Amino acid sequence: MTIKLNYQNAGLREQELEKVRPLAETAFRIVTERTGAGHEMLGWMDLPDTYDREEFARIQAAAKRIQAQSQVLVVIGIGGSYLGARAGLEFVGGPLANQTRDGVEVYFVGTNLSADYFSSIVKVIGDRDFSVNVISKSGTTTEPAVAFRMFKAMLEKKYGKAGAKDRIYATTDAKKGALRGLAVEEGYETFVVPDNIGGRFSCFSAVGLLPMAAGGMDIEQVMAGCAAAYHAYENPDFYENDAMLYAALRFLMQMRGKKVEILASYDPALIQFGEWFKQLMAESEGKDGKGLFPVTASFTTDLHSIGQYIQDGARILFETVLWAEKEHSTVLVPHDKANVDGLNFAAGMSLQEINKKAMQGTLLAHVDGGVPNLIVSMEELTDYTFGEIVYFFWKSLAISGYMNGVNPFDQPGVEAYKKNMFALLGKPGYEDMKSTLEARLSKLE
């Protein structure tokens, strides 16, 4: 394991941890024994050992075929159908990976309903060859369904119906749903969204593995890291299991009146990981008036914006710092004879050294300002480490959810906006709601 948890700056006493230890151990047993609410969605838990090797080989073969036939892969999905894959690609390759890596560029659509965003992706593709991976269990979720309808038409216009068929890869339900039916009818290659794994836990199924492999990630290393974490976090010893400890620490923060958890990172490669983290935590715990509100910060950039609030604002938050000890590149600050900027004291230092001092200085300042800090550190941002860190947060979240007394594996609140949107759009079956909603909106104009 390359993941380490440091809670020395959390401002907690050992007796406080001991007080919540029995609850954390009970929640751990509920997860391990699969006896809690939503236990039927725990397929992710032993996935590193039980995943379908035949489908995995097909994923690898499809990724190579995409790389050979296209310069661009358009991934269509929303929520858990895209966040994990995008987080992984940037975790390993950075936010400019599409411009700097060899191989296929990967762009994500179906994540919003913006016409300008859609048009910009079309312009980026230009005249280049492209393939599509559409990811949807049902095939009827509005945002990805709209995007797929348009990109399917683009493929058929460019390559003909037969040519388009060989460039569309559908990741969907094994047996049913609109997308499954269309894939069978049209002859698309298909991969499975597992029935026992929810969207935000799905990135190590075909949902995330195909885009990651097509984008150049070593998915065998991803699964190896995930397997290492799976076995490490089976340990029932409270003080030797960092996933259980992190769950207990988050629970203690709530007991102390904290409402907000900031996932802070110091590398732009982790920004999209933060987006994945927000969905995992918010959809899993934000129920029944409970749960921490997850937000993210990219330091040192955000120290010049929300840094003031973190330092001196309402004491409702704590920070979890996600830190990588090594970077792929070494860049040194040059010496300048004139020293106009006064930076010669740092000449010869690497940016990573300076970044670490910035992290340490920020941590001390925030702790002094009354903001508890946890540190989750990794050796380096690699395919293997991505497998580890994702599983760390999965396992910890499952324990934390049960400690909070909620089902961590459903998301009933997500459907509310959809019903209103369907009614306002005039979708059949929602006619009774439309006039009421329009009347409410008219009062706001």
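For the structure itself, look to the data block above.
Just so it is clear, the model here is predicted, and its values are computed rather than measured.

A. The overall build of the protein chain, seen in detail. Broken down by element type, the protein chain carries 17 helices and ten strands. A principal-axis box enclosing the C-alpha atoms of the protein chain has dimensions of 60 × 60 × 55 Å. Per-residue burial over the protein chain gives 50% buried out of 445 residues. On the protein chain, roughly 20100 Å² of surface is accessible, and the fraction owed to carbon and sulfur atoms is 54%. The distance from the centre of the 45 positive side-chain charges to the centre of the 56 negative ones in the protein chain is 5 Å.

B. Looking closely at the layout of surface pockets. Here the largest pocket defines a volume of roughly 1000 Å³. Of all elements in the fold, only α7 (142-165), α12 (271-285) and α16 (415-425) reach the threshold of two or more residues within the lining of the largest pocket. Looking at which element gives the most residues to the lining of the largest pocket, the answer is α16, with four residues. Residue composition of the lining of the largest pocket, by class: 15 nonpolar, 16 polar and ten charged.

C. How the structure looks around the nonpolar core. Counting residues in hydrophobic clusters, the biggest one holds 94 residues, and the most contacted among them are Trp44, Phe204, Phe273, Trp276, Ile389, Phe393 and Trp394. Every residue in contact with isoleucine 389, bar those within four places of it in the chain, is listed here: Ile3, Phe91, Phe273, Leu322, Val376 and Met378. In this structure, Val72, Val134, Ala164 and Ala170 belong to the second largest nonpolar core, which totals 21 residues.

D. Structural view of the packing of aromatic side chains. Applying the stated criterion to the full structure yields 31 aromatic pairs. Ring geometry for phenylalanine 118 against phenylalanine 151: centres 5.3 Å apart, planes inclined by 65 degrees, an arrangement best described as edge-to-face. In this pair, phenylalanine 118 sits in helix α6 (residues 115-125) while phenylalanine 151 sits in helix α7, placing the two residues 33 residues apart along the sequence. Judged by relative accessible area, which is 0%, phenylalanine 151 ranks as buried. Taking NZ or CZ as reference, arginine 53 lies 3.8 Å from the ring centre of tyrosine 51, over its face. Sitting above the plane of the phenylalanine 422 ring, lysine 427 keeps its charged end 4.0 Å from the centroid.

E. The arrangement of the environment of glycine 77 in detail. Along the polypeptide, glycine 77 turns up in the loop between β2 (72-76) and α4 (83-93). With 146 residues separating them along the chain, glycine 77 and methionine 223 place their C-alpha atoms 22 Å apart. If we skip the residues at most four places from it in the chain, glycine 77 touches Tyr82, Val109, Gly110, Thr111, Ile135 and Pro144.

F. Fine view of the sheet that holds strand β7 (residues 260-265). The mixed open sheet is built from five strands, whose spatial order is β1-β10-β9-β7-β8. Looking at the sheet topology across the chains shown, the edges are occupied by β1 (4-6) and β8 (293-298). Adjacent strand axes in the sheet meet at a mean angle of 20 degrees, parallel and antiparallel pairs treated alike. Sheet strands touched by helix α11 (residues 242-255): β1, β7, β9 (317-324) and β10 (373-378). Its angle to β1, the strand with the most contacts, is close to 30 degrees. Sheet strands touched by helix α15 (residues 383-403): β7, β9 and β10. Its angle to β10, the strand with the most contacts, is close to 145 degrees.

G. Local environment of empty space enclosed by the protein. Here the structure, examined in full by the defined rule, presents one cavity of 30 Å³ or more. Roughly 60 Å³ of volume is contained in the largest cavity. What lines the largest cavity is Tyr266, Asp267, Leu270, Leu322, Trp323, Ala324, Glu327, Gln352 and Asn355. For the lining of the largest cavity, the secondary structure elements donating two or more residues are β9 and α14 (351-368). Considering every element that reaches the lining of the largest cavity, the biggest residue donor is β9, with three residues.

H. Structural view of the environment of proline 372. Counting through the fold element by element, proline 372 comes out in the loop between α14 and β10. Proline 372 sits 241 residues away from serine 131 along the chain, and the two C-alpha atoms are 46 Å apart. Among residues more than four places away in sequence, those in contact with proline 372 are Asn9, Ala10, Met253, Lys258, Leu317, Phe318 and Glu319.

I. Region of the structure containing the sheet that holds strand β4 (residues 130-135). The parallel open sheet is built from five strands, whose spatial order is β3-β2-β4-β5-β6. Strands with a single pairing partner mark the edges of an open sheet, and in this sheet they are β3 (105-109) and β6 (189-192). Taken over all neighbouring pairs, the strand axes of this sheet differ in orientation by 20 degrees on average, direction set aside. Sheet topology note: the β2/β3 ladder contains five bridges and is parallel.

J. Just the pattern of salt bridges, in detail. Summed over the entire model, instances satisfying the criterion amount to 23 salt bridges. Across the pair arginine 58 and glutamate 54 runs a salt bridge whose closest N-O atoms are separated by 3.4 Å. Within this pair, arginine 58 and its partner glutamate 54 are both found in helix α3 (residues 53-69), separated by four residues, close to a single helical turn. The exposure class of arginine 58 is partly exposed, given its relative accessible area of 25%. Its salt-bridge partner being lysine 137, residue aspartate 173 comes within 2.8 Å of it at the nearest N-O pair.

Cut-off values and rules
- Residues numbered from 1 in each chain as written.
- Predicted model: local features only at pLDDT ≥ 70, side-chain atom pairs only at ≥ 80, totals over all residues.
- Heavy atoms only, no water.
- Helix = DSSP H or I, 4+ residues; strand = E, 2+ residues; numbered from the N terminus.
- Buried < 20%, exposed > 50% of the residue type's maximum accessible area, 1.4 Å probe, protein only.
- Areas by Shrake-Rupley, 256 points an atom, 1.4 Å probe, with all protein chains shown as cover.
- Lys, Arg positive; Asp, Glu negative; His and termini not counted.
- Charge placed at Lys NZ, Arg CZ, Asp CG, Glu CD.
- 1 Å grid on protein atoms, 1.4 Å probe; cavity = no way out; pocket = protein on both sides within 12 Å on 5 of 7 lines; lining within 4 Å.
- Points joined across faces, edges and corners; volume = space filled by probe spheres on them.
- Nonpolar A, V, L, I, M, F, W, Y, C, P; charged D, E, K, R; others polar.
- Core = buried A, V, L, I, M, F, W, Y, C linked by side-chain atoms within 4.5 Å.
- Contact = heavy atoms within 4.5 Å.
- Phe/Tyr/Trp six-rings, centres within 6.5 Å; stacked < 30°, edge-to-face > 60°.
- Lys NZ or Arg CZ within 6 Å of the ring centre and 35° of its normal.
- Pairing = 2+ DSSP bridges.
- Axes fitted to C-alpha atoms, helices over the stretch in contact; angles between N-to-C directions.
- Salt bridge = Lys/Arg side-chain N within 4 Å of Asp/Glu carboxyl O.

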